[in-house]
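One-letter residues, chain by chain:
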Amino acid sequence: MAAWCSGDSSSKPIFVGIYGAVLGGFAVSALFFLLSSFSSLSAPPLPLPTTATTTTIAVTANLSRPTPTQPETMYNRPIWKPPPRGSWMPSPRAFRLTREMVAARARDGAIVVTFGNYAFLDFILTWVRHLTDLGVDNLLVGAMDTKLLRELYLRGVPAFDMGSRMATEDAGWGSPTFHKMGREKVLLINALLPFGYELLMCDTDMVWLKNPLPYLARYPDADLLTSSDQVIPTVTDDSLENWREVSGAFNIGIFHWRPTEPAKRLAKEWKDLVLSDDKLWDQNAFNDLIRKNFGNPVEGQGDLVYSYDGKLKLGVLPASIFCSGHTYFVQGMYKQLHLEPYAVHTTFQYAGTEGKRHRLREAMLFFDQPSYYDSSGGFLSFKPSIPKSLLLDGAHNVESHFALVNYQLKQIRTALAIASLLKRTLVMPPLWCRLDRMWFGHPGVMEGTLTRQPFLCPMDHVFEVHVMLKDLPKEEFGPPIDFREYSFLDNPSLPKEVKESLLEVQLCDDRSSGCSSINETNKHRPLLLPRNSTEEKAVETKFRNRVKRYVGLWCCVELREIGHIYYDMYWDEKPGWKPHPPETREQDHPPWS
């Protein structure tokens, strides 16, 4: 089988063999091959600087520039401007966090800070890029390892050394390293507040969509403004949440500190608490402290509440516009309330860091390097076909949800098989769900939320994105199958040449006239591929071993000890298959294990 075709290969034959068992009942109207090999095209404008010698990206006019009386230094250099070619890396002492460093970057008494290790370099660059696109340059990035520090310096991103000496790998949620990162955040806040600047502290797995500083300035009396995990709106405009109705935890991924005495006291007690127990989650400790003395409204400012020691004035940022992963990706709360979002934090999601990255890519909010838009074998996309009845008819329940998702899984399974055989990168289709996913029992959609049914659900609601990206042994699982998010072809960073280099493909009955696997490619008519070709049994077995692990579980049926239900990529091969949760612990395992 020829697994490659390019834009100038209109005269080359293509021989295609497709797994018969996989293709049975295929209900896709058309496939599209993106023929051009990106490596033969001119590169698009770089979304991010790649090295110290890369041409500097144009920046907005109000980014930091030294005044005539202020020489340019590594502290006040315009963001994205790399150091001079041939210059030496400054000594480690130059990267220590100091009052002078913060003063050089602060604007109007405020500084925006994030931190991380090298594993989150692409998240950090995306975070910085969004802010600089918004004209916000009063930012600093804390580097937890020297490898990240060097990369940021060479790319012209203002960074400081946190002295963490942390490993460069990803820290999984709940791991000892994860808790160490949390303690480092608390220590950093305590180090910054004495400098006297307002501090907007952010996690790296969030992005800014609108300059937040004018919004925060609307509440000058607040000692602390925090985001939350609230999923039910308490207000319908852009005012702070009604703190009396907030039931979700306060989320420390986005919060704004003023250098007041109550805020400093809270920061110090928080530090002492997390340092006393290395298993204590920093966010739980924060919530416990905030709730110690909570509930008295600030006189004349009902949107602020006294908390912590009864003197700290707290405001809760609206989850409709300072969005969580649920209010943004699932509910689309800001759209339904006709508001403009300021931020999105990739909480309420699955599949770890890979899932967070994929969600931002689905929303076209992640800035990838040009190589992401390249594929040596080209891309493959397809138009899914979903009957209206599966989307809209009947009650929204477990049975109708699985009927809808399973129908799509069957089509995606086929597309994965074709992509694997042709060594193409599959552009995933949009995925529709009837029921939400949580980590606890719920009625399908949480009461009070604005989630519509059906809704376009994140890929990690159904697929194990991190498993799909894992380097599985080829001897057992066959070759990897590369994939992209459903919005990939609409991304402005995708080169125009790739977008326009399309070949339509249709599946046909191999016994019908004109259906042949040796069709010549012709952009003016569809390429016909036989529906029921066969392939070596060993190859198919490896493919099945791989894609069985691609799907996860739905969670969860209410009032059940074991309430989750596993998705099954080959559900249609099991007569009488029903979406029921496991009855016993012995039955509680994925269908492939």
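Residues numbered from 1 in each chain as written. Predicted model: local features only at pLDDT ≥ 70, side-chain atom pairs only at ≥ 80, totals over all residues. Heavy atoms only, no water.

**Considerations on the environment of Pro429**
In step 1: Of note, Pro429 is situated in the loop between strand E15 (425-427) and strand E16 (432-433).
In step 2: Looking at Pro429, the relative accessible area reads 9%, which means it is buried.
In step 3: Counting along the chain gives 48 residues from Pro429 to Ser381, while the straight-line C-alpha distance between them is 7.5 Å.
In step 4: If near-sequence neighbours (up to four positions away) are discounted, Pro429 is found in contact with Phe382, Pro384, Ile412 and Tyr486. (Helix = DSSP H or I, 4+ residues; strand = E, 2+ residues; numbered from the N terminus. Buried < 20%, exposed > 50% of the residue type's maximum accessible area, 1.4 Å probe, protein only. Contact = heavy atoms within 4.5 Å.)

**Some points on helix H4 (residues 146-155)**
In step 1: Burial in H4 covers these residues: Leu148, Leu149, Leu152, Tyr153 and Arg155.
In step 2: Remark: Gly156 follows H4 within two positions and exhibits a positive phi of approximately 80°.

**Quick word on the packing of helix H3 (residues 121-133) against H4**
Helix packing geometry: the angle between the two helix axes and the distance between the axes.
In step 1: Where H3 contacts H4, the two axes come as close as 11 Å, and the packing angle between them is 35°. The chirality of how H3 crosses H4 is right-handed. Contacts between H3 and H4 pair Leu121, Ile124 and Leu125 from the former with Leu148, Glu151, Leu152 and Arg155 from the latter.
In step 2: Grouping the amino acids of the contact of H3 with H4 by side-chain chemistry returns five nonpolar, no polar and two charged. (Axes fitted to C-alpha atoms, helices over the stretch in contact; angles between N-to-C directions. Left-handed = near helix turned anticlockwise from the far one by under 90°. Nonpolar A, V, L, I, M, F, W, Y, C, P; charged D, E, K, R; others polar.)

**Examining the pairing of strand E7 (residues 224-228)**
In step 1: Most of E7 is tucked away, with five of its five residues classed as buried.
In step 2: By the alternation rule, side chains of E7 split into Leu224, Thr226 and Ser228 and Leu225 and Ser227, which are all buried.
In step 3: Pairing of E7 with strand E11 (residues 312-316), which is carried by three bridges, proceeds in the parallel orientation. The residue bridging Leu225 from the neighbouring strand is Gly315, located in E11. (Pairing = 2+ DSSP bridges.)

**A short note on the pairing of strand E14 (residues 379-383)**
In step 1: Judged by how many residues are buried, E14 sits mostly within the fold: four of five residues are covered.
In step 2: Judged from the two bridges that link them, E14 and E15 form a sheet pairing that is parallel. Counted as the bridge partner of Leu380 is Leu426 from E15.

**As for the sheet that holds strand E9 (residues 296-298)**
In step 1: If you trace the nine strands from one edge of the open sheet to the other, you get E4-E3-E2-E5-E8-E7-E11-E10-E9, paired in mixed fashion. The sheet is open, and its two borders are formed by strand E4 (159-161) and E9, each paired with just one other strand. Looking at each pair of strands side by side, their axes are set apart by 35° on average, direction ignored.
In step 2: In the sheet, strand E2 (residues 110-116) pairs with strand E5 (residues 198-202) via four bridges, with the strands oriented parallel. Considered in E5, the bridge of Ala110 is made with Glu198.
In step 3: Those strands touched by helix H8 (residues 282-290) are E7, strand E8 (250-257), strand E10 (301-307) and E11, and its axis lies near 65° from that of E8.

**Quick notes on the state of the cysteines**
In step 1: One pass over the full model with this rule turns up two disulfides.
In step 2: Cys433 shares a disulfide with Cys457; S-S distance 2.2 Å. Between Cys433 and Cys457, the S-S torsion sits near 50°, and that sign places the bridge as right-handed. On the criterion of sequence distance, the pair formed by Cys433 in strand E16 and Cys457 in the loop between strand E17 (455-456) and helix H14 (465-468) is long-range, its members being 24 residues apart. (Disulfide = S-S within 2.5 Å.)

**Remarks on the pattern of salt bridges**
In step 1: With the rule as written, the count across this model stands at 28 salt bridges.
In step 2: Ionic pairing is found between Lys279 and Asp278, a salt bridge with its closest N-O pair at 4.0 Å.
In step 3: Assessed through its relative accessible area of 68%, Lys279 is described here as exposed.
In step 4: The partner of Asp482 in a salt bridge is Arg484, and the shortest N-O contact between them spans 3.1 Å.
In step 5: Relative accessible area serves as the criterion here: at 35%, Asp482 is assigned to the partly exposed category.
In step 6: One network of salt bridges, in which partners are shared, links Glu72, Arg77 and Lys81. (Salt bridge = Lys/Arg side-chain N within 4 Å of Asp/Glu carboxyl O.)

Geometry only, nothing functional implied.
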